[in-house]
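Given next are the chains, with one letter for each unit.
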Amino acid sequence: MTTKNSRRDHKDDICFLTMKAMILTGIRRIEITEKPVPEISQSDEVLIRIRSVGVCGSDIHYYNEGKIGSQVVKFPFTFGHECSGIVEKTGSGVKRLKTGDRVAIDPAMPCYNCSQCRRGRYHTCLNLRFLGCPGQAEGCLSEYIVMPERSCYKIDNTMPFDIATLSEPLSIGLYATELAGNVQGRKIGILGSGPIGVSVMLMALHRGAGRVFMTDLIDERLSLASSMGAHWTGNPLKQDIVGDIKREEPELLDVVFECCGKQEATDQAVKLLKPGGMLVIAGIPSFSEWKFSAEDIRRKEITIRNVRRQNEMVQPTLDILSAGKINPEKMITHTFDLDHVSDAFELVAGYRDGVMKAMIHL
Ligand SMILES: [Zn+2]
Ligand SMILES: [Zn+2]
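To start, this report covers the structure provided alongside it. (Residues numbered from 1 in each chain as written. Chains lettered and ligands numbered in written order. Predicted model: local features only at pLDDT ≥ 70, side-chain atom pairs only at ≥ 80, totals over all residues. Heavy atoms only, no water.)

### Overview of the overall build of the protein chain
1) Next: Helix and strand content of the protein chain: 10 helices and 20 strands.
2) Next: The globule rule puts the C-alpha radius of gyration for 362 residues at 21 Å, and the 21 Å found for the protein chain is close to it.
3) Next: Expressed as lengths along the three principal axes of its C-alpha atoms, the size of the protein chain is roughly 75 × 40 × 40 Å.
4) Next: Taking all 362 residues of the protein chain together, 55% fall into the buried category.
5) Next: Excluding contacts between residues fewer than 6 apart, the proportion of contacts in the protein chain whose partners are at least 24 apart in sequence is 68%.
6) Next: If you sum the accessible surface of the protein chain, you get close to 16300 Å²; carbon and sulfur atoms cover 46% of it. (Helix = DSSP H or I, 4+ residues; strand = E, 2+ residues; numbered from the N terminus. Rg over C-alpha atoms; globule rule 2.2 N^0.38 Å. Buried < 20%, exposed > 50% of the residue type's maximum accessible area, 1.4 Å probe, protein only. Contact = heavy atoms within 4.5 Å. Areas by Shrake-Rupley, 256 points an atom, 1.4 Å probe, with all protein chains shown as cover.)

### Here's the deal with empty space enclosed by the protein
1) Next: Under the counting rule described, the total for this entry stands at 1 cavity of 30 Å³ or more.
2) Next: Of the pockets and cavities examined, the largest cavity occupies roughly 50 Å³.
3) Next: Around the largest cavity, the lining residues are Asp106, Ala108, His123, Leu128, Phe130, Glu168, Arg309 and Gln310.
4) Next: Considering only residue class, the lining of the largest cavity consists of 3 nonpolar, 2 polar and 3 charged. (1 Å grid on protein atoms, 1.4 Å probe; cavity = no way out; pocket = protein on both sides within 12 Å on 5 of 7 lines; lining within 4 Å. Points joined across faces, edges and corners; volume = space filled by probe spheres on them. Nonpolar A, V, L, I, M, F, W, Y, C, P; charged D, E, K, R; others polar.)

### Thoughts on the coordination of the zinc ion (ligand 2)
1) Next: In the first shell of the zinc ion (ligand 2), the protein supplies Cys111 (SG), Cys114 (SG), Cys117 (SG) and Cys125 (SG), at 2.3 to 2.4 Å from the metal.
2) Next: If you look at the zinc ion (ligand 2), its 4 donor atoms make angles of 103 to 120° with each other, and the shape they trace is tetrahedral.
3) Next: Expressed as a motif, the donor residue spacing for the zinc ion (ligand 2) is C-x2-C-x2-C-x7-C.
4) Next: Classification of Cys125 by relative accessible area gives buried; the value is 7%. (Donors = N, O, S within 2.8 Å, 3.2 Å for Na, K, Ca; no water. Tetrahedral: all angles 85-135°; square planar, octahedral: opposite > 155°, others 65-115°.)

### Here we look at unusual backbone geometry
1) Next: In the segment running from Phe75 into Pro76, the intervening peptide bond is cis, with an omega of -5°.
2) Next: Secondary-structure assignment places Pro76 in the loop between β6 (71-72) and β7 (82-90).
3) Next: One non-glycine residue with positive phi stands out, namely Arg28, at about 55°.
4) Next: By the secondary structure assignment, Arg28 is in the loop between β2 (14-26) and β3 (29-36).
5) Next: Located in the positive-phi region is Tyr351, a residue other than glycine, with phi close to 50°.
6) Next: Tracing the sequence through the fold places Tyr351 in the loop between α10 (341-349) and β20 (357-361).

Structure (structure tokens):
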């Protein structure tokens, strides 16, 4: 295994390979370091040369706050979980994949054995390991990672790596819309038009949603959402979202997706829903408790569903992408190389320059 970036060091006649990896050494402090290339230790594992990594809102929580809820980073730590690459080496028990295969990666590594896994709830596996999640697994912002074969999905030669990387947020969008049941012809609200909000929008439209209303505090995100299919967009800093949507849809909305982790958004969602409607919460708040109007959710008999990432949605998402049924390309607004990963995080953390999804190319 030799690539432009991998280096051989000789020390006491032992020959080992090193790679570049990013490490978070403190709040908002990123360094690029040399690390040994990880080794395959289980027969079902594959070594992957990473080609593209997406910067996710959840990475930004670790970057800015060093934690998400009770999940606290112990520095130094490598994060990143949205990625794709090329199989470099396979373990002896690997059957589906071979060296040279291009793959999209599901960052989840369930045990397939616990009571949750046995019920098919792999995403809430009691022994789950997730890429770039403190205490579970180091992230993918490095030249190589080792993954179980089951978390790797072969993609064809025509799919760009960045699109394969987007299968992670898009699969969350697909899962969230499936939790909402049949959305065909339904009036949908999506509060927060970042990568998850737009992923939910693309999948809701793909699944036949009737009319999609989107909000965000950033006008560039709203224009992008409109250009990708949103029927109506609004900025709560400039208008009365509830009043304006009510004028458009006097009977109100069937499903509202909260995709920004803000209390104001869930308050709007409850007001925007018709009786019997459903609030789907996909956003990750920085605070620890949501508040709901007991009167509103009771009188309207609102169903509240939470989204925990996604479950078994990567392959269906790749199939939707390969068939050209959705086109997420416009979501990728910026690209960086590994040496400029700090710039990428500063850009995304600061919501600067109309950024939607920043990709790191390796
Ligand atoms: Zn993500
Ligand atoms: Zn399990």
